[in-house]
Amino acid sequence: MFKPHLNANEEGHLVIGGVSAVDLAERFGTPLYVMDEQRIRENYQRFYQAFSKRWDNARVWYAYKANSNMAICKLLWDEGCGAEVSSICELKIALKIGVPGEDIIFNGNYKTVPELELAIKNGALINVDNLQELKVINDLSEKIGKEARIGFRVNPDVKAPTHPHIATGLRESKFGFDVESGKALEAYQIASEMERVKVEAIHSHIGSQILDPKPFGEQAEKMMNLVAQIRDEVGVEIGIVDMGGGLGIPYKPDEEALSPDDMAEETTSTMKKIIQEKDLSKPTLVLEPGRSIVADAGMLLGRVGYTKEREKTTDWVAIDAGMNALIRPVLYDAYHHILAANKMNEKTSETYNVAGPLCESGDYLGKERKLPKVERGDLLAVLDVGAYGLAMSSQHTAQPRPAMVLVNSGDVEIVRRREECKDLTRLDKVPEWLE
Ligand SMILES: *Cc1c(COP(=O)(O)O)cnc(C)c1O
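Scoring rules and cut-offs
- Within any chain, residue numbers begin from 1 and follow the written order of that chain's sequence.
- Only residues with pLDDT of 70 or above have their local features reported here, since the model is predicted, and side-chain atom pairs are shown and tallied only from 80 upward, although totals for entire chains, interfaces and linings are computed over all residues.
- Hydrogen atoms and water are omitted, and side-chain values are computed over all heavy atoms in the structure.
- For the domain bounds, the source is a domain assignment made automatically or taken from a database.
- Residues are treated as being in contact if the distance between any of their heavy atoms lies within 4.5 Å.
- When two parts are brought into contact, each loses some accessible area as probed by a 1.4 Å sphere; the total of that loss over both is the buried area.
- Two N or O atoms form a polar contact when they lie within 3.5 Å of each other; inside protein one atom must be a possible hydrogen donor and the other a possible acceptor, and for residues adjacent in sequence the pair counts only when both atoms belong to side chains.
- Three categories are distinguished: nonpolar for Ala, Val, Leu, Ile, Met, Phe, Trp, Tyr, Cys and Pro, charged for Asp, Glu, Lys and Arg, and polar for the others, with Gly belonging to the last.
- By salt bridge we mean one thing: a side-chain nitrogen of Lys or Arg within 4 Å of a carboxyl oxygen of Asp or Glu.
- Relative accessibility decides the category of a residue: with a 1.4 Å probe and only protein chains considered, values under 20% of the type maximum give buried, values over 50% give exposed, and everything between is partly exposed.
- Nearness here has a simple test: a residue counts as near a molecule or strand if at least one of its heavy atoms is within 4 Å of that partner.
- Throughout this description, the term nonpolar core refers to a set of buried Ala, Val, Leu, Ile, Met, Phe, Trp, Tyr and Cys residues connected via side-chain atoms within 4.5 Å.
- Numbering goes from the N terminus for both helices and strands, where a helix is a DSSP run of H or I of at least four residues and a strand is a run of E of at least two.
- Lines fitted to C-alpha atoms define the axes, with helix axes restricted to the stretch in contact, and inter-axis angles between N-to-C directions lie between 0 and 180 degrees.
- Orientation is classified from the angle alone, with under 35 degrees giving roughly parallel, over 145 giving roughly antiparallel, 65 to 115 giving roughly perpendicular, and any other angle giving oblique.
- In this scheme the handedness of a crossing depends on how the near helix is turned from the far one: anticlockwise by less than a right angle means left-handed, clockwise means right-handed.
- At least two bridges found by DSSP between two strands are what make those strands a pair.
- Pairing of aromatic rings covers Phe, Tyr and the six-membered ring of Trp, with a centre-to-centre limit of 6.5 Å; geometry is then stacked below 30 degrees between planes, edge-to-face above 60, and tilted otherwise.
- UniProt positions are given in the numbering used here, feature names are shortened, and annotations may be inferred rather than shown by experiment.
- The rule is simple: put a 1 Å grid over the protein atoms alone, call a set of points where a 1.4 Å probe fits but cannot get out a cavity, call an open set with protein on both sides within 12 Å along at least five of seven lines a pocket, and count a residue as lining if it has an atom within 4 Å of a point.
- Grid points are joined across faces, edges and corners, and a volume is the space filled by probe spheres set on the points.

Undergrad: Explain the domain arrangement of the protein chain to me, please; I cannot follow it from the model alone.
TA: The extent of an interface is frequently quoted as the accessible surface area lost upon association of the parts. Along its sequence, the protein chain is organised into domain 1 (6-36 + 295-424) and domain 2 (107-289). A straight line from the C-alpha centre of domain 1 to that of domain 2 covers 36 Å. Taken residue by residue, the interface counts nine residues in domain 1 and eight residues in domain 2. Together, the buried faces of domain 1 and domain 2 total about 800 Å²; carbon and sulfur atoms form 66% of this surface. Together, Tyr332, Tyr335 and Asp384 form the three largest contributors to the area buried by domain 1 at its contact with domain 2, with a combined 56%. Summed over the shared surface of domain 1 and domain 2, the result is zero residue pairs in polar contact (both at pLDDT 80 or more). Partitioning the side of domain 1 that touches domain 2 into residue classes produces four nonpolar, two polar and three charged.

This is how it looks when you write it as structure tokens:
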């Protein structure tokens with residue numbers, strides 16, 4: 001098995017977290033998201049240790065948008081992992097599970113007044129995206145009577161080799177302040193003269209699903225040079241350097257992983273070099289990983305309903321999990337490996353396209369996949385869906401969202417119940433004049 005936390009039992013059933021996928025599907029129904037608690041904890045520790053053994057004050061804040069299920073966020077907080085949030089609901093989830101404001105970072109290019117108020121009141125670090133937002137924050141701090149802790153999201157113009165929709169560090173991206181033109185430096189100058197904001201941090205996030213260490217080195221270099229420039233020209237010492245997230249995972253069986261160790265080495269060695277060159281004091285280093293913590297800990301189980309043989313083109317197999325449950329294949333052209341969870345001992349002799357149940361041609365989970373001969377009633381497992389899976393799901397075609405279970409060394413617990421039809425219409429209202 002190419003994932004260390006997955007195996008197969010004697011009956012040829014896929015096993016995750018000590019539980020057979022076949023049993024899970026029978027007990028909880030399909031489509032079903034399954035998350036492996038042990039794997040999440042291990043992924044976090046591997047990531048955290050990689051940085052903390054190279055940097056005394058390294059902090060890791062999990063990016064909630066990857067998977068904001070409360071059980072997942074809670075178990076990460078249990079490991080000491082804070083929260084990177086980008087909406088008021090994510091912020092409320094963090095607060096609700098007990099993450100204190102000082103362990104929360106609030107990011108985003110459009111923060112509303114209620115969002116900023118809640119962040120300021122709780123003492124969360126706010127990474128400001130533009131000067132208008134800075135003014136809004138300064139005014140709100142005045143009104144609330146509490147200083148706002150801020151940093152700026154800067155755009156270091158680093159090209160990340162990834163899908164264009166998730167490359168965020170390029171100059172033309174919508175995020176942050178441009179470094180090269182001096183806009184970022186100017187923002188620090190303006191903030192340093194403001195009464196109600198406390199400038200503590202600098203932030204960038206160059207993109208997602210990055211498997212090459214070099215962009216992280218380039219990012220570190222540009223960020224630390226800017227930190228030196230801010231000290232020299234504005235007279236402000238930046239105490240927190242936030243390098244964002246972005247570490248990718250190997251989705252394809254033959255894809256090479258980038259280890260957290262290699263990423264951490266590239267980032268911290270570059271930072272140390274510039275700290276020495278410019279005689280800077282050593283800041284707290286913050287990372288905001290999302291995908292690399294939860295992606296490979298999750299799988300999506302779908303029951304085979306129908307198969308369709310095609311002349312001269314690929315045969316189809318349809319499962320009950322579609323693009324509403326997992327949109328990444330059609331949205332990002334993403335690859336998710338698919339296994340026949342009840343036929344792990346059989347040879348993958350056939351080739352199929354794997355479809356979902358929705359009325360749209362974009363509704364597929366994989367094309368040209370090697371699987372054993374598949375029949376109605378078989379169970380397919382779509383791997384590496386723990387990040388940006390259920391979090392990006394929809395109710396397209398009025399399909400209720402799948403349930404999610406958490407498994408851990410043989411134990412299972414529902415952490416999100418399956419939606420029902422009544423959940424889909426709960427917020428609708430037919431006006432009186434149609435009654
Ligand atoms: C999405 C995002 C992250 C997490 O990215 P991953 O690629 O999942 O690690 C971190 N920081 C910010 C600002 C983000 O937008």
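Undergrad: Would you mind going over the pattern of salt bridges with me for this structure?
TA: Proximity of charged atoms lets side chains of opposite charge pair with each other. In this structure the tally under the stated criterion is 25 salt bridges. Asp212 is the partner of Lys214 in a salt bridge, and the nearest nitrogen-oxygen pair spans 3.9 Å. The exposure class assigned to Lys214 is exposed, which follows from its relative accessible area of 57%. Residues joined in a network through salt bridges with shared partners are Glu37, Arg41, Asp78 and Glu79.

Undergrad: Would you take a moment to explain the site of the ligand for this structure?
TA: Close to the ligand lie 15 residues; Lys65, Ser208, Glu288, Arg291 and Tyr388 are nearest. One nitrogen or oxygen atom from the main chain of Gly290 is found 2.9 Å from an oxygen atom belonging to the ligand. When the residues that make up the shell around the ligand are grouped by side-chain class, the tally is three nonpolar, seven polar and five charged.

Undergrad: What exactly am I supposed to notice about the nonpolar core here?
TA: In globular proteins that are soluble, nonpolar side chains generally tend to be buried together. In terms of nonpolar packing, the biggest core is built from 106 residues, with Tyr62, Tyr64, Ile150, Phe152 and Ile202 touching the most fellow members. A per-element tally of this core places helix H8 (residues 214-234) first, with nine residues. Looking at this core, you find at least three residues from each of domain 1 (6-36 + 295-424) and domain 2 (107-289). The residues touching Phe152, leaving out its near neighbours within four places in the chain, are Asn127, Val128, Leu134, Phe177, Ala187, Tyr188, Ala191, Ala201, Ile202 and His203.

Undergrad: When you look at the packing of helix H5 (residues 113-121) against helix H6 (residues 131-144) in this model, what are you seeing that I'm missing?
TA: The description of two packed helices rests on the angle between their axes and on the distance between the axes. Look at H5 against H6: their axes get within 10 Å of each other, and the N-to-C directions meet at 55 degrees. In terms of orientation, H5 and H6 fall into the oblique class. Pair H5 / H6 crosses with right-handed handedness. Packed against H5, whose contacting residues are Val113, Leu116, Glu117, Ile120 and Lys121, the element H6 presents Glu133, Val136, Ile137, Leu140, Ser141, Lys143 and Ile144 at the interface. Its residues assigned to classes, the contact of H5 with H6 shows seven nonpolar, one polar and four charged.

Undergrad: Looking at this structure, how should I read the sheet that holds strand S3 (residues 19-20)?
TA: Within a sheet, each strand pairs with its neighbour through backbone hydrogen bonds, oriented either parallel or antiparallel. Taken together, three strands build an open sheet; the order of strands is S1-S2-S3 and the sheet is antiparallel. Two strands bound the open sheet, and with one partner strand each, they are strand S1 (6-8) and S3.

Undergrad: For this particular structure, what's the right way to read the environment of Asp363?
TA: Relative to the elements of secondary structure, Asp363 occurs in the loop between strand S17 (350-355) and strand S18 (364-371). The exposure class assigned to Asp363 is buried, which follows from its relative accessible area of 3%. Sequence separation of Asp363 and Ala321 is 42 residues, and the distance between their C-alpha atoms is 9.4 Å. Leave out the neighbours within four places in its chain, and Asp363 touches Gly322, Met323, Ala355, Gly356, Pro357 and Leu358. In this structure the side chain of Asp363 is engaged in a polar contact, spanning 2.6 Å, whose partner is the backbone nitrogen of Leu358.

Undergrad: I would appreciate a short explanation of the packing of aromatic side chains in the present structure.
TA: Given two aromatic rings, one states the distance between the centres and the angle between the planes to describe the pair. Taken as a whole and assessed by the stated rule, the structure comprises five aromatic pairs. Between Tyr44 and Tyr48 the ring centres are 5.8 Å apart and the planes differ by 10 degrees, which places this aromatic pair in the stacked class. In this pair, Tyr44 and Tyr48 both sit in helix H2 (residues 37-52), four residues apart, roughly one turn of the helix. On the basis of relative accessibility, which here comes to 2%, the residue Tyr44 falls in the buried class.

Undergrad: Can you help me understand the UniProt feature "binding site: pyridoxal 5'-phosphate" (unreviewed entry) in the protein chain in this one?
TA: As annotated by UniProt and renumbered to match this structure, "binding site: pyridoxal 5'-phosphate" (unreviewed entry) occupies Gly246, Glu288, Pro289, Gly290, Arg291 and Tyr388. For the largest pocket, the lining residues among the annotations just cited are Gly246, Glu288, Pro289, Gly290, Arg291 and Tyr388. Here Glu288 shows up in the loop between strand S13 (284-287) and helix H10 (291-294). If we ignore the near neighbours within four places in the chain, the residues touching Glu288 are Trp61, Ala63, Glu84, Ile105, Asn107, Asn127, His203, Asp242, Gly244 and Gly245. Among the secondary structure elements, Pro289 is positioned in the loop between S13 and H10. The residues contacting Pro289, other than those within four sequence positions of it, are Phe47, Val60, Trp61, Tyr62, Ala63, Gly244 and Gly245.

Undergrad: What's the story with the layout of surface pockets in this structure? I'm lost.
TA: Rolled over the atoms, a probe as big as a water molecule pinpoints where empty space is left. By volume, the largest pocket amounts to about 1000 Å³. The wall of the largest pocket is formed by 41 residues, among which Tyr64, Lys65, Ser86, Glu90 and Tyr388 lie closest to the centre. Of all the elements in the fold, those that place two or more residues in the lining of the largest pocket are helix H3 (70-78), H10 and strand S21 (411-416). Partitioned by chemical class, the residues of the lining of the largest pocket number 16 nonpolar, 17 polar and eight charged.

Undergrad: Looking at this model, I keep getting lost on the packing of H8 against helix H9 (residues 260-278). Mind explaining?
TA: Two elements in contact, H8 and H9, have axes whose closest approach is 8 Å; the angle formed by their N-to-C orientations is 25 degrees. Put simply, H8 runs roughly parallel to H9. When you trace H8 past H9, the crossing you get is right-handed. Counting all contacts with H8, which are made through Lys214, Phe216, Gly217, Ala220, Glu221, Met224, Asn225, Ala228 and Arg231, the residues of H9 involved are Met263, Glu266, Thr267, Thr270, Met271, Lys273, Ile274, Ile275 and Lys278. Residues belonging to the contact of H8 with H9 are distributed by class as follows: eight nonpolar, four polar and six charged.

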